[in-house]
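# Secondary and tertiary structure notes
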Amino acid sequence: MSSAADAPFAATWIGSPLRGAFRLLSYLLLTLVLLPFHLLALACRITPVVRWMPVFYHRTVCTILGIKVKVNGERSTVTPTLYVCNHVSYLDIEVLGGLIPGSFVAKAEVATWPFFSTLAKAQRTIFVERRSSKTSNSRDEMLQRLNTGDNLMLFPEGTSSDGTRVLPFRSALFAVAQLRRDERPIVVQPVAISYTRLDGIPLGRYWRPLFAWFGDLDLVPHLWQMVCLGETEAVVTFFPPIDIDQLGDRKKLAEYCFRQVSSGVQAANSGRPELLPSLAGPAADPRP
């Protein structure tokens, strides 16, 4: 793991502070305007608003932050679907949230963060305890939400990475894929996310920490540097959906999703789409 001192922005400032201030102000105004309406819809159980307002919000935030999202493949049309994705940055929430109507599964620490915890709870985020004694409670909540037809977005690495590689997926988090609805297994869709360009210029390994938030990087300085930057390209790859019956158990499912997502990150980072497995139709034989 790299430290904050290794990040390029720790030594060299790039970007426009004026742009950063404008973006932060716009973000705060958008949030202050929409959050009360969303909370009211949540309290009144107005399902269409609760489901789609976060999508509109996250897409607008991406526009404010200058993030252009490029999508490969097609999102699952089955509800509910468990989306499993690599985790690079807090920006993943905006990018994925603008594409998928659903709720996130996040580490329990997020529930203690000022301001951001309020937004997470408004989107009905499920907070997962890392301690084994608390894991069953989080799993039960995930099962309940899937059983009621809610899409869930899961980061099975358990933490964020440097954006260059994908960390091993924790198979314990795939236990919810064993749930059956109407005698059918839950649909699981692997998703890869990468931040590939800044102002049209490909990002190499050295510059990825401008967007990847990992290790002991401090949130506030990282966030400020990020909002001051120019236009960013984020590549999201949806792989063909799969289910646990096609693989046999959660460990094999976790390993298969890991291989798919890793190939998506590698292809996006290298700018070589030919490295991707086929994204059309049902998954080919998923067995190793």
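These numbers come from a predicted model, not from an experiment.

A word on unusual backbone geometry. For the bond from threonine 79 to proline 80, the omega torsion is 5 degrees, close enough to zero to count as cis. Structurally, proline 80 can be placed in the loop between β1 (67-72) and β2 (81-85).

A contiguous nonpolar patch, built from Leu28, Leu32, Phe115 and Phe116 and spanning about 350 Å² of accessible area, is present on the exposed surface. Structurally, phenylalanine 115 can be placed in the loop between β3 (103-107) and α5 (116-122).

Quick look at the nonpolar core now. Membership of the largest hydrophobic core comes to 39 residues, with the highest contact counts inside it found for Leu91, Val95, Leu96, Ile193, Tyr195 and Phe211. Those elements that place two or more of their residues in this core are α2 (17-43), α3 (47-64), β2, α4 (91-97), β8 (187-198), α7 (219-227) and β10 (232-238). Each residue touching tyrosine 195, except ones within four places of it in the same chain, is listed here: Val88, Ser89, Leu91, Asp92, Val95, Leu203, Phe211, Thr232, Glu233, Ala234 and Asn269. In this structure, Met142, Val166, Val176 and Ile186 belong to the second largest nonpolar core, which totals 31 residues.

Attention now moves to the environment of alanine 21. Its place among the elements puts alanine 21 in helix α2. When the C-alpha atoms of alanine 21 and valine 227 are compared, they prove to be 7.9 Å apart, with 206 residues separating the residues in sequence.

Right, let's talk about the side chain of aspartate 162 for a bit. Along the chain, aspartate 162 turns up in the loop between β5 (152-154) and β6 (180-181). Buried and unpaired, aspartate 162 has no salt bridge, with arginine 205 as the nearest side chain of opposite charge at 4.2 Å. A polar atom in the side chain of aspartate 162 sits 3.0 Å from the backbone nitrogen of threonine 164. With sequence-adjacent residues up to four places away left out, aspartate 162 is seen in contact with Arg205, Arg208, Ala212 and Phe214.

The next thing to look at is the side chain of threonine 125. On the secondary structure map, threonine 125 appears in the loop between α5 and β4 (126-128). Here threonine 125 falls in the buried class, since its relative accessible area comes to 11%. Separated by 2.8 Å, the side chain of threonine 125 and the backbone oxygen of alanine 120 make a polar contact. Among residues more than four places away in sequence, those in contact with threonine 125 are Phe104, Ala106 and Ala120.

At a closest axis distance of 10 Å, the pairing of α2 and α3 adopts a crossing angle of 180 degrees. The angle between α2 and α3 places the two elements in the roughly antiparallel class. Mapping the contact onto sequence places Arg23, Ser26, Tyr27, Leu30, Thr31, Leu34, Phe37, His38, Ala41 and Leu42 in α2 and Val49, Val50, Met53, Pro54, Phe56, Tyr57, Thr60, Val61 and Ile64 in α3. Its residues assigned to classes, the contact of α2 with α3 comprises 14 nonpolar, 4 polar and 1 charged.

Parameters and conventions
- Residues numbered from 1 in each chain as written.
- Predicted model: local features only at pLDDT ≥ 70, side-chain atom pairs only at ≥ 80, totals over all residues.
- Heavy atoms only, no water.
- Helix = DSSP H or I, 4+ residues; strand = E, 2+ residues; numbered from the N terminus.
- Patch = residues over 30% accessible without salt bridge, like charges linked within 9 Å, V, L, I, M, F, W, Y side chains within 5 Å.
- Areas by Shrake-Rupley, 256 points an atom, 1.4 Å probe, with all protein chains shown as cover.
- Salt bridge = Lys/Arg side-chain N within 4 Å of Asp/Glu carboxyl O.
- Core = buried A, V, L, I, M, F, W, Y, C linked by side-chain atoms within 4.5 Å.
- Buried < 20%, exposed > 50% of the residue type's maximum accessible area, 1.4 Å probe, protein only.
- Contact = heavy atoms within 4.5 Å.
- Lys, Arg positive; Asp, Glu negative; His and termini not counted.
- Polar contact = N/O pair within 3.5 Å; in protein donor to acceptor, adjacent residues only side chain to side chain.
- Axes fitted to C-alpha atoms, helices over the stretch in contact; angles between N-to-C directions.
- Parallel < 35°, antiparallel > 145°, perpendicular 65-115°, else oblique.
- Nonpolar A, V, L, I, M, F, W, Y, C, P; charged D, E, K, R; others polar.

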